Amino acid sequence: MMAGMAKRDLISVVDMKDKWAEMVDLAIKLKAERGHHGDPLKGKTLAMIFEKPSTRTRISFDVAITELGGHALYIDESKMQMGVHSETVEDTARVMSRFVHGIMYRAYDYKMMDKFGEYATCPVISGLDNLEHPCQALADMVTIKEKLGGFRGKKLVYLGDGNNVCNSLLYAAAIMGIDMVACCPAVRMPNAEIMWNATKIAEENGSKIIASHEPEKACVDADVLYTDTWISMGDTTPEAEAIKLFQAYQINDRLLSIAKPGCIVMHCLPAHRGQEVTGEVMDGPHSVVFDQAENRLHAQKAVLYTLLKD
Ligand code: CP
Ligand code: NVA
């Protein structure tokens, strides 16, 4: 960061609303460069704190900063002073900011994330919390642009649990002008404030955000069917209860046949074949889930470049 410039965080998608479209295009450009970027983040260190497990977020951030010329530190939160010996979040954020150029944090509680952002003097990037998963939503927008050519007039139907992934998708869809249906059971709708804010942003952008509890109606004319696990990390809902609650929201051949013929199927992964998506659909011709997973790498590069480059 240049001296005197205020640092920026990516904790909620809306933190980077003004840069979102630019970051989508940057990710696509960086993808085309195939790892040859000329080390724009040479000498930069990203600390990555994990309170929960991760495959995609951890690996893609590490590879992303390495390919941009920088370095990543993996930190298991349970081995830090912060949790175990009760050093405050505020002090931890202040201290870490003296060592590194950026902090990626995967947290259980969004309040911890917000506090980290408030006290760190370097950029803080959410690697997921209980409210949002902004970097996932950026990779999702990259994937939609690649596969469908753009956003306007496209209809995305999210089916299942109105969780962190759904919340960030609502914001990202609204910012890019995609029509989105959050199709979830009434007791598991997305965060009400985010839903409201996203609806307003969508209105400004000429698109629509709506809620539904009827998967078969919601999927009519869909360009994208999107789902995520029925039980997120930290959610204590018994599996049998979740299956009962979400069964009608499973992405399967029946729902797919209601959508547009060229409809793509997305999932942030990890997936549970036979629950939120059938194995046939997951491994079938409509599924783009592994390209979507790869795009995490390119999206992380766009985020790191935008927030950490001098
Ligand atoms: N989609 C996602 O964030 O995956 P990980 O939990 O493996 O990072
Ligand atoms: N909603 C899921 C996403 C995992 C990447 C969770 O929070 O566990």
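Each value, and the rule that gives it
Counting starts from 1 at the beginning of each chain's written sequence and moves along it residue by residue. Key to labels: chains lettered from A, ligands numbered from 1, both in the order written. Side-chain atom pairs in this predicted model are given and counted only at pLDDT of 80 or more, local residue features only at pLDDT of at least 70, and totals for whole chains, interfaces and linings cover all residues. With hydrogens and water set aside, each side-chain value is computed from the structure's full complement of heavy atoms. Starting at the N terminus, helices and strands are each numbered in turn, a helix being any DSSP run of H or I of at least four residues and a strand any DSSP run of E of at least two. The size measure is the radius of gyration over C-alpha atoms, and the globule rule it meets is 2.2 Å times the number of residues to the 0.38 power. For every residue, the accessible area (1.4 Å probe, protein chains only) is compared with the maximum for its type, and the residue is labelled buried under 20%, exposed over 50%, or partly exposed between those bounds. Should any heavy atoms of two residues lie within 4.5 Å, those residues are counted as being in contact. Whenever two N or O atoms come within 3.5 Å, that pair is a polar contact, provided that in protein one can donate a hydrogen and the other can accept it, and provided that, for residues adjacent in sequence, both atoms are side-chain atoms. For this analysis, a nonpolar core means a set of buried residues of the types Ala, Val, Leu, Ile, Met, Phe, Trp, Tyr and Cys, connected via side-chain atoms within 4.5 Å. The near set for a molecule or strand comprises every residue that places at least one heavy atom within 4 Å of it. Reported accessibility uses the Shrake-Rupley method at a 1.4 Å probe radius. Residues are deemed covered only where the shown protein chains occlude them. Here the term charged refers only to Asp, Glu, Lys and Arg, the term nonpolar to Ala, Val, Leu, Ile, Met, Phe, Trp, Tyr, Cys and Pro, and the term polar to all other amino acids, Gly among them. One side-chain nitrogen of Lys or Arg within 4 Å of one carboxyl oxygen of Asp or Glu is enough to make a salt bridge. By this definition, two strands are paired if DSSP reports at least two bridges between them. Every angle, taken between N-to-C directions, lies between 0 and 180 degrees, and every axis is a line fitted to C-alpha atoms, over only the stretch in contact when it is a helix.

Draft legend 1. Seen up close, the overall build of the protein chain. A count of helices and strands for the protein chain gives 13 helices and 9 strands. Compactness check: the protein chain gives a C-alpha radius of gyration of 19 Å against a globular reference of 19 Å for 310 residues, within 12% of the reference. With respect to the principal axes defined by its C-alpha atoms, the protein chain has extents near 55 × 40 × 35 Å. Expressed as a percentage of the 310 residues in the protein chain, the buried residues total 55%. The contacts of the protein chain with a sequence gap of at least 6 include a subset with a gap of at least 24, amounting to 75%.

Draft legend 2. Focus on the side chain of lysine 44. Within the element layout of this structure, lysine 44 appears in the loop between α1 (20–32) and β1 (45–50). A relative accessible area of 8% places lysine 44 in the buried class. Within the local environment of lysine 44, its side chain forms a polar contact with the side chain of aspartate 310, the two groups lying 2.8 Å apart.

Draft legend 3. Layout of the nonpolar core. Within the largest apolar cluster, 64 residues are counted, with the highest numbers of intra-cluster contacts made by Trp20, Met141 and Leu304. It is helix α7 (residues 164–176) that contributes the most residues to this core, 10 residues altogether. When neighbours within four sequence positions are excluded, methionine 141 is seen to be in contact with Trp20, Val24, Phe151, Leu169, Ala172, Ala173, Met176 and Ile178. If you look at the next biggest cluster of nonpolar residues, it comprises 20 residues, including Val157, Val181, Cys263 and Met282.

Draft legend 4. Representation of the site of ligand 1 in the model. Neighbouring ligand 1 are the residues Ser54, Thr55, Arg56, Thr57, Arg106, His133, Gln136, Cys268, Leu269 and Arg296. Measuring from an oxygen atom of ligand 1, one finds a side-chain N or O atom of threonine 57 at 2.7 Å. Here a nitrogen atom of ligand 1 sits 3.0 Å away from a polar atom, N or O, in the side chain of glutamine 136. Considering ligand 1 on its own, with 260 Å² of exposed area, one finds that the protein chains cover 95% of that surface. Residue composition of the shell around ligand 1, by class: 2 nonpolar, 5 polar and 3 charged.

Draft legend 5. Local environment of the environment of threonine 66. Residue position: threonine 66 is located in helix α2 (residues 56–67). Overall, threonine 66 belongs to the partly exposed group, its relative accessible area being 45%. With 22 residues separating them in the primary sequence, threonine 66 and lysine 44 have C-alpha atoms 9.6 Å apart.

Draft legend 6. The site of ligand 2, seen in detail. Around ligand 2 sit Leu128, Asn163, Asn164, Val165, Asp228, Thr229, Ser232, Met233 and Leu269, and those are all the residues in its vicinity. Take asparagine 163: an N or O atom from its side chain is 3.3 Å from a nitrogen atom of ligand 2. Against a free-state accessible area of 260 Å², the protein chains account for coverage of 94% of ligand 2. Class assignment of the residues belonging to the shell around ligand 2 gives a composition of 4 nonpolar, 4 polar and 1 charged.

Draft legend 7. The pattern of salt bridges, seen in detail. Under the definition given, this model contains 20 salt bridges. Glutamate 22 is paired through a salt bridge with lysine 19; the nearest N and O atoms lie 3.5 Å apart. Residue lysine 19 is classed as partly exposed on the basis of its relative accessible area of 26%.

Draft legend 8. A look at the sheet that holds strand β5 (residues 155–159). The strand order β7-β6-β5-β8-β9 describes an open sheet built from 5 strands, whose pairing is parallel. Two strands in the sheet have a free side with no partner beyond their single neighbour: β7 (209–212) and β9 (264–267). Mean inter-strand twist for the sheet, computed between neighbouring axes without regard to direction, equals 20°. Pairing of β5 with strand β6 (residues 179–183) involves 5 bridges; the strand directions are parallel.

Draft legend 9. The environment of lysine 111, seen in detail. Position of lysine 111 among the secondary structure elements: in helix α5 (residues 110–119). Take lysine 111: its relative accessible area is 51%, and that puts it in the exposed class. For the pair lysine 111 and threonine 57, spaced 54 residues apart in sequence, the C-alpha to C-alpha distance is 20 Å.

Draft legend 10. Examining the side chain of glutamate 276 more closely. Relative to the helices and strands, glutamate 276 is located in the loop between β9 and α12 (279–282). Side chain to side chain, glutamate 276 and histidine 267 meet in a polar contact 2.7 Å long. Polar side-chain contacts of glutamate 276 include one of 2.9 Å to the backbone nitrogen of histidine 272. When residues no more than four places from it in sequence are discounted, the contact partners of glutamate 276 are Thr227, Asp228, Thr229, Trp230, Tyr249, Gln250, Ile251, His267, Pro270 and Ala271.

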